[in-house]
Amino acid sequence: MTLSRKLLFGALTTLLALGAIEATVRLASDTVARATIPAEEILAHVQSTGMERDPLLGWVHRPLPDPSNGVNRMGWRYPEELTVQPPSWRAFAMGDSQTYGAGVQSEQAYPAIAQAALRAVDPKAQLINAACSGYGSLQALRQIREQLPTFNPDLYIVDARPFDQPRDGLVPPVDGAIQRLLFHSRLYYVMRVAIEEQRQQTERMGGPQRENSENGNHQDIVAQAAHQGVPVLFVDYPFWNQAQGDVRCLAPASRMPWNAPVAGVCAALQADGRHPRELFFDANHLNAEGNKVAGQALAQAILDLGLGPGGAGWQAPESKPEPSAQQGPVSYTHLRAHETGRNL
């Protein structure tokens, strides 16, 4: 057998072996290809009404469009048809069911309230509600990286708690045929997850730590948006602490990337003066009145920061501020304690 035939035979044997392993992995697990999104979260949402598996985001609305819930054919809770080129200023709001507006009509969700306020400045301004039940910083990062740039946004708005989901730094971009093949390969994901778990184990044992390796994708969101030349505005994630009877801000500026602005939506709810039961349905879902306060506060923050129609744009501080002694870290365990039922 000639050398060229040996090489060809070896290549074909390798491809067949990889194909067999890929088929075995697919039969063994239906969720491993989406391993960076916790499997239990995927299963919980696809088993609920109106959701379907998605290789990029874990789950999406189906069928589309869904006029009864104000969801358009893109899966976004926005009634107007979108063109690639916006008629004027355009922003996207991302987050979980708090941003989506669970329990209220689409026009009552706070992104729609904010859009109405911004249209007093620019009648053609668009603030698209791209949130979905259960989404967090990981889905927001993937939306920013893969979906939203096509629609030429002027601003990204992200309402996601700190340390909410595993980091997504190893997911390849879906730009070409090879990258797309890898993205849908479950064997590739098994290898990826194994490497990531080994890295985390090494860090826990005192080994060298990768910069910004904790849960949460907020810093990666800032970096990806900056690469696109689009500013990011975070929301301070209001939470009704029913045990204490007050409103807590789970994502204040002190716990967000230091070089990104944060809209004081939670702060506005705290300052409203009404009891939280008049603003919330439950721990993290706002009723119509709460959404009204949140939407108006968001619109005001966008305008005050120069991020809205005709704005000059946000200027990041030149240096990172020193942390306050009163600002303790929020543990991932503490935040996960509030997971049950928060997004369904």
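Structural notes, computed from the coordinates. (Residues numbered from 1 in each chain as written. Predicted model: local features only at pLDDT ≥ 70, side-chain atom pairs only at ≥ 80, totals over all residues. Heavy atoms only, no water.)

1. Digging into the overall build of the protein chain
Heads up, the rule is: A helix here means a DSSP run of H or I that spans at least four residues, while a strand means a run of E at least two residues long, and both kinds are numbered starting from the N terminus. Any residue under 20% of the maximum accessible area for its type is buried, any over 50% is exposed, and the rest in between are partly exposed; the area is computed with a 1.4 Å probe on protein chains only. Any pair of residues with heavy atoms lying within 4.5 Å of one another is described as a contacting pair. Reported accessibility uses the Shrake-Rupley method at a 1.4 Å probe radius. Residues are deemed covered only where the shown protein chains occlude them.
When helices and strands are counted, the protein chain shows 11 helices and 9 strands. By residue count, 47% of the 344 residues in the protein chain fall in the buried class. If you take every contact in the protein chain between residues at least 6 apart in sequence, the share linking residues at least 24 apart comes to 70%. Total accessible area computed for the protein chain in this model is approximately 17000 Å², and 56% of it derives from carbon and sulfur atoms.

2. Details of unusual backbone geometry
Here the amide bond leading from Arg62 into Pro63 is cis, since omega sits at -10°, within 30 degrees of zero. One can find Pro63 in the loop between strand E2 (58-61) and strand E3 (90-95). Of note, the amide linkage connecting Leu64 to Pro65 takes the cis form, showing an omega dihedral of -10°. The residue Phe163 is not glycine, and still its phi comes out positive at about 55°. By secondary structure assignment, the location of Phe163 is in the loop between strand E5 (155-159) and helix H6 (177-183). Judged by its relative accessible area of 24%, Phe163 falls in the partly exposed class.

3. Topic: the state of the cysteines
Heads up, the rule is: By disulfide we mean two sulfur atoms from cysteines, separated by a distance within 2.5 Å.
Counted according to the given criterion, the structure contains 1 disulfide. Each disulfide pairs two cysteine sulfurs, and for Cys249 the partner residue is Cys266, the sulfurs being separated by 2.2 Å. Torsion about the S-S bond of the Cys249 and Cys266 cystine: about -90°, corresponding to left-handed handedness. With Cys249 in strand E8 (residues 246-249) and Cys266 in helix H9 (residues 265-271), the pair connects residues that are 17 residues apart, well separated along the chain. Under the relative-accessibility criterion, Cys249 is labelled buried at 19%.

4. Some words on the pairing of E2
Applied cut-off: Should DSSP find at least two bridges between two strands, the strands are regarded as paired.
In terms of strand pairing, strand E1 (residues 51-54) meets E2 through 4 bridges, oriented antiparallel. Opposite Met51, over in E2, you have His61 as the bridge partner. Hairpin remark: E1 followed by E2, antiparallel, with 3 residues in the connecting loop.

5. Describing the environment of Val247
Mapped onto the secondary structure, Val247 falls in strand E8. Excluding its chain neighbours within four sequence positions, the residues that come into contact with Val247 are Pro238, Phe239, Cys266, Gln270, Pro276 and Phe280.

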